[in-house]
Amino acid sequence: MNVIPLHVYRDGGLADDYVSDETLLSAEEDAWKFVETFCNQFFERRSLTLYMDGSGYKELILPYPIISVSSVTEETYGAYSMTDIKIYNRRYPKDSKKPMIVNTAEVFPVGYQNITVVGDFGLVDPDTGLPPSDLMTAVSKIVILFLEPSVGDSEWESNFSRHRLIQEQTDKWMYKFSTAPYIYGVTGVPDIDKILFMYRLNDDSISGGWI
């Protein structure tokens, strides 16, 4: 997935004599895969057919944030009228943490993969169709982490070791860092990790869902 304009990296100091456009695009795709794996969800519109277990209730919790649903079908009784289906897809974080549909007319019969839901899914900004802006900022920083060997240690340190800075004397350009990096999360960079944790869905070992 490539959604971050190349000028964001260029304006941030990654000149084309350091890293080519092709390398940046490839690194961004890898960064989004990394984020999807860590967050247990994806951040683009995907058209999917989901085969869900009937709950025996009017509510049916889905595994991904809902953009839209075009049809809901039960294997024995056929298609439900979409006028009876209530879709919970309000802005983050209201329904993205627990996306679901509700059958206002009846319950979804209990069964194994007996309910088929067709629609578009993914956590995106409803106005732009893009990932949340703060997450795109985090991904742009992850791209630079991925490219650390290409841009050199000094470039990387200046951008991502600010959390280790304990003393600064700007008139003589003297900086003092703590002896060991402060490890905050999956990347070790607090500005990135606090955003990733905000969008991470955790496995609920009791109910078998995502929370």
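Below you will find a few notes about this structure. (Residues numbered from 1 in each chain as written. Predicted model: local features only at pLDDT ≥ 70, side-chain atom pairs only at ≥ 80, totals over all residues. Heavy atoms only, no water.)

Turning next to the sheet that holds strand E4 (residues 78–79). Here 4 strands make up an open sheet; going across it, the order is E1-E7-E3-E4 and the pairing antiparallel. Strand pairing shows two members of the sheet lacking a second neighbour, strand E1 (46–52) and E4, which therefore form its edges. Inspection of the sheet shows E1 paired to strand E7 (residues 115–121) by 7 bridges, in the antiparallel sense. Its bridge partner being in E7, Leu-50 is matched across the sheet by Val-117. (Pairing = 2+ DSSP bridges. Helix = DSSP H or I, 4+ residues; strand = E, 2+ residues; numbered from the N terminus.)

This part takes up unusual backbone geometry. Phi at Asn-40 takes a positive value of approximately 60°, unusual for a residue other than glycine. Residue position: Asn-40 is located in the loop between helix H2 (21–39) and E1. Even without glycine at this site, Gln-113 takes up a positive phi of about 50°. If you trace the backbone, Gln-113 turns up in the loop between strand E6 (100–103) and E7.

Further remarks concern the pairing of strand E3 (residues 66–74). Strand direction decides the pairing type here: E3 and E7, joined by 7 bridges, are antiparallel. Note that in E7 the partner of Val-69 across the bridge is Gly-119. Summarising the sheet, E3 and E4 pair through 2 bridges and their orientation is antiparallel. Note that in E4 the partner of Glu-74 across the bridge is Gly-78. Here E3 hands over to E4 after 3 residues, the two strands then running antiparallel side by side.

A few words on the packing of helix H3 (residues 133–146) against helix H6 (residues 190–199). The geometry of H3 relative to H6 is characterised by a closest axis approach of 9 Å and an angle of 130° between their N-to-C directions. One element, H3, and the other, H6, form an angle in the oblique class. Both H3 and H6 take part in a crossing whose hand is left-handed. On H6, the residues that touch Asp-134, Leu-135, Ala-138, Lys-141, Ile-142 and Leu-145 of H3 are Asp-191, Ile-192, Ile-195, Leu-196, Met-198 and Tyr-199. When grouped by side-chain class, the residues that make up the contact of H3 with H6 number 9 nonpolar, no polar and 3 charged. (Axes fitted to C-alpha atoms, helices over the stretch in contact; angles between N-to-C directions. Parallel < 35°, antiparallel > 145°, perpendicular 65-115°, else oblique. Left-handed = near helix turned anticlockwise from the far one by under 90°. Contact = heavy atoms within 4.5 Å. Nonpolar A, V, L, I, M, F, W, Y, C, P; charged D, E, K, R; others polar.)

This part is about the packing of H2 against H3. It is the contact of H2 with H3, at a shortest axis distance of 9 Å, that shows an interaxial angle of 115°. The interaxial crossing formed by H2 with H3 has right-handed handedness. Taken together, the residues of H3 that come into contact with H2 (itself represented by Leu-24, Ala-27, Glu-28, Asp-30, Ala-31, Trp-32, Phe-34 and Val-35) are Leu-135, Met-136, Val-139, Ile-142, Val-143 and Phe-146. Among the residues forming the contact of H2 with H3, the class breakdown is 12 nonpolar, no polar and 2 charged.

Looking now at H2. Here H2 is 19 residues long and its end C-alpha atoms lie 27 Å apart, about the 27 Å a rise of 1.5 Å per residue gives. Listed as buried for H2 are Leu-24, Ala-27, Glu-28, Ala-31, Trp-32, Val-35, Phe-38 and Cys-39. The buried residues of H2 occupy an angular sector of 145° when the element is viewed end-on, so they sit on one face. Residues of H2 that are exposed and point more than 90 degrees away from the buried face comprise Glu-22, Lys-33 and Thr-37. On its buried face, H2 sits against helix H1 (6–11), H3 and H6. In the segment just after H2, Asn-40 is the residue with positive phi, at about 60°. (Expected span 1.5 Å × (residues − 1). Buried < 20%, exposed > 50% of the residue type's maximum accessible area, 1.4 Å probe, protein only. Arc of directions from axis to C-beta.)

Read these as spatial facts, not as claims about activity.
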